[in-house]
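Coordinates in review
In case you want the letters, here they are:
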Amino acid sequence: MMNLNRILSLSLSAVLLLTLTSCGPDAAGSGSSSPPASDFSQQAESPDQAAQLPFTLAFFPELSLHPVLSTSRANLTLSSLLYEPLFQVGPQFQVVPVLCQDHTVSEDKLTWTFALRPGITFSDGTPLTGSTVAEALELARTPDSRYAQRLRDISSITGDERSITITLVRPNGRLPLLLDIPIALGGGTRPAGTGPYVLGGTEDDPRLLARTGWWQSNQSLPTEHFPLQTAHQDEDLIHAFDTGDLSLVDVDLMGTNSPVYAANSETRDYATTTMLYLGFNTQRGICKRADVRQALCRAVDRKALVNIVYANHASPAALPVHPASALYDTAVARHLDYAPQQLLNLLANTNTASRELVLLVNSENSAKLSAAQLITYQLEAAGIPVKLKKLPFESYEAALASGSFDLYLGEVALTADFDLSPLLVQGGPLNYGGWASQQAPALLAALAAASPEEAPRAALALFALLEQDPPLAVLCFKNGSVLTQWGRLDGLTPVRGNVFYQLENWIIK
């Protein structure tokens, strides 16, 4: 057998060449009609505002600004300045109260009551009440909402003047992590919000203006207005950013058909819940054996994957929670560190190398293609022959549904409470490998019901099962990226879902 280190060195070089070609333009979402001029608030600018060097944000005027119903990434980026949630999820996936002042939960973790901060109004003067929040969350439960899936366990939402009550169909001890949903007044394309800015200016010169009556008026804002660079397709954003007419964009640099922006920019990454993993077919083939799956979990060099394929726009992880989360146990993760010798030893003592493994990957994402190629090289270097099947997404999904694979490269956007039920429950929508365990339902239920203080211990019990009987090998969690013009901004600390987190610390130059 050729020297393992030499093969891996050649493999990494080959994957690097593949990765250098992995970019392309992103597609813009479908839109609604342009808003009438009356949708724009007319607030006057002071001379100091006009003199300030513009820090310009992107805006698609034909598309909705609704924070729950919009499909435009650029408009959703703006929504954090216009709308606020009950809670914000912080950089360590901790809960940060915003509109909610206090909350209580029943002993069975099925009924939650949230008290609102007093004196908050929407930008049109409408008071924030439990009833308006309940209506906003009911809209977020509808099929057209981007939040519908995460709220699937809610059976009812009611509100009064100062509070809302949410009743669940199954216990959840960390429900606030799911309630970072921006609250908007109504379902129109330009609804009022409680945030620090309001859409203003004119149709020809739109901008976000600092609103009067914001409840956090003690917080300093970095600017009294953000000019908006209008766009009609994503290519417009690329051109505007490259020429300096656009100051900031929020992007997934490793997404399918991700846009390519100029290199003379600053990049600030933030953690997401998007997990890349290697799934196993546990129903047939050699991956039916737990010891083979254990060895395969340690046969992939996660750090090399993140460094070479994802250009460090991801965080290597061996457990199905982000390393920044309090649920992540570094001691357990070390047991799953890169150790290809375990696979070599397994092969030496068994006949498991006699059959070629089929690895599925979606061919429409160049980063995933490069990742799958690297994994193929690493497994073959350890003595496992691999057939890499590159399929367009529909064919990839069909192959997963039929079980026509040994391994597959998967990606899933988890909720902030890291609910793994879709992946691990027998018959779950993402349990393509058919994994089943008698212990799993109780361990998943215990983790879901655990309070923030109890959750790390509950997660540890689940991780112990997944280490002994792995249904998948976690590889990394992707980062989101905020690009800004070079030297224009200090104090940027974006988080998942809110580029403008801790906006009061921004210094625009």
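Presented here is an overview of the structure given in this document. (Residues numbered from 1 in each chain as written. Predicted model: local features only at pLDDT ≥ 70, side-chain atom pairs only at ≥ 80, totals over all residues. Heavy atoms only, no water.)

1. Digging into helix α4 (residues 130–140)
- Every buried residue of α4 is listed here: G130, T132, V133, A134, A136, L137 and A140.
- Packed against the buried residues of α4 are β5 (111–116), β6 (154–159) and β7 (163–168). (Buried < 20%, exposed > 50% of the residue type's maximum accessible area, 1.4 Å probe, protein only. Helix = DSSP H or I, 4+ residues; strand = E, 2+ residues; numbered from the N terminus. Contact = heavy atoms within 4.5 Å.)

2. Points about the pattern of salt bridges
- What the rule picks out here adds up to 15 salt bridges.
- Across the pair K109 and E454 runs a salt bridge whose closest N-O atoms are separated by 4.0 Å. Separated by 345 residues along the polypeptide, K109 in the loop between β4 (100–105) and β5 and E454 in the loop between α13 (440–449) and α14 (455–468) bring together distant segments of the chain.
- Between K478 and E411 there is a salt bridge; the shortest N-O distance is 3.6 Å. Residue K478 is found in strand β17 (residues 472–485), and its partner E411 is found in strand β16 (residues 407–413); the two are separated by 67 residues along the sequence.
- Its relative accessible area of 4% is what places K478 among the buried residues.
- A residue is classified by how much of its surface remains accessible, and E411, at 31% relative accessible area, is partly exposed.
- Among the charged side chains, a salt-bridge network with shared partners connects R152, D153, R170 and D419. (Salt bridge = Lys/Arg side-chain N within 4 Å of Asp/Glu carboxyl O.)

3. Some details on the side chain of D417
- Tracing the backbone shows D417 in the loop between β16 and α12 (421–424).
- Buried D417, no salt bridge; nearest opposite-charge side chain is R174, N-O distance 5.2 Å.
- Engagement of the side chain of D417 in a polar contact is seen with the side chain of T415, the distance being 2.5 Å.
- Residues contacting D417, with those up to four places away along its chain left out, are N172, R174, L177, L178 and L327. (Lys, Arg positive; Asp, Glu negative; His and termini not counted. Polar contact = N/O pair within 3.5 Å; in protein donor to acceptor, adjacent residues only side chain to side chain.)

4. With respect to the sheet that holds β4
- Taken in spatial order, the 4 strands make up an open sheet running β4-β5-β7-β6, and their pairing is antiparallel. Two strands in the sheet have a free side with no partner beyond their single neighbour: β4 and β6. This sheet shows a mean twist of 15° between the axes of neighbouring strands, independent of strand direction. (Pairing = 2+ DSSP bridges. Axes fitted to C-alpha atoms, helices over the stretch in contact; angles between N-to-C directions.)

5. Considering the pairing of strand β15 (residues 386–391)
- Bridging between strand β14 (residues 357–362) and β15 involves 6 bridges; their strand directions are parallel. Note that in β15 the partner of V358 across the bridge is K387.
- Each parallel crossover has a hand, and for β14 linked through helix α10 (residues 366–381) to β15 it is right-handed. (Right-handed = clockwise from strand over helix to strand, strands pointing away.)

6. Focus on the nonpolar core
- Formed by 84 residues in total, the largest nonpolar core has its most connected members in L343, L360, L379, L407 and L423.
- Counting residues per element, this core draws most heavily on α14, at 7 residues.
- Each residue touching L343, except ones within four places of it in the same chain, is listed here: A295, L296, A299, L379, A382 and I384.
- Listed in part, the 30 residues of the second largest apolar core include V68, L116, V133 and L175. (Core = buried A, V, L, I, M, F, W, Y, C linked by side-chain atoms within 4.5 Å.)

7. Some points on the pairing of β4
- Relative to β5, β4 runs antiparallel, the two being bridged by 5 bridges. Within β5, the position partnered with C100 by the bridge is L116.
- Between β4 and β5, which follow one another and run antiparallel, lie 5 residues, and K109 among them has a positive phi close to 60°.

8. Concerning the environment of V495
- Its location among the elements puts V495 in the loop between β18 (489–490) and β19 (507–508).
- Residue V495 is classed as buried on the basis of its relative accessible area, which comes to 3%.
- Spatially, the C-alpha atoms of V495 and Q88 are 9.2 Å apart, while their sequence positions differ by 407 residues.
- Not counting the four nearest positions on each side in its chain, V495 is found in contact with Q88, V89, G90, P91, Y270 and Y501.

9. Remarks on the packing of aromatic side chains
- Scanning all chains against the criterion turns up 15 aromatic pairs.
- A network of ring pairs unites the aromatic residues F55, Y197, F226, F500 and W506 as a single cluster. (Phe/Tyr/Trp six-rings, centres within 6.5 Å; stacked < 30°, edge-to-face > 60°.)

10. Comments concerning unusual backbone geometry
- Phi angles above zero are rare outside glycine, and F93 is one such case at about 60°.
- With respect to the element layout, F93 can be found in the loop between β2 (87–89) and β3 (95–97).
- Among the residues examined, F93 registers a relative accessible area of 8% and is labelled buried.
- Despite not being glycine, K109 shows a phi value in the positive range, around 60°.

11. Here's the deal with the sheet that holds strand β10 (residues 225–230)
- With mixed pairing, the 4 strands of this open sheet are ordered in space as β1-β10-β9-β8. The outermost strands of the open sheet, each flanked by one partner alone, are β1 (57–59) and β8 (197–201). Across the sheet, the axes of successive neighbouring strands diverge by a mean angle of 35°, strand direction being ignored.
- Inspection of the sheet shows strand β9 (residues 206–210) paired to β10 by 3 bridges, in the antiparallel sense. Looking across to β10, one finds that R207 is bridged to P227.
- Running over the sheet, helix α3 (residues 73–82) touches β1, β8, β9 and β10 and is turned about 115° from β1.

12. Observations concerning helix α5 (residues 234–243)
- Listed in full, the buried residues belonging to α5 are D234, L237, I238, A240 and F241.
- Where the residues of α5 are buried, they touch β1, α3, β10, β11 (248–251), β12 (265–280) and β17.
- Backbone geometry just downstream of α5 places G244 in the positive-phi region, at approximately 90°.

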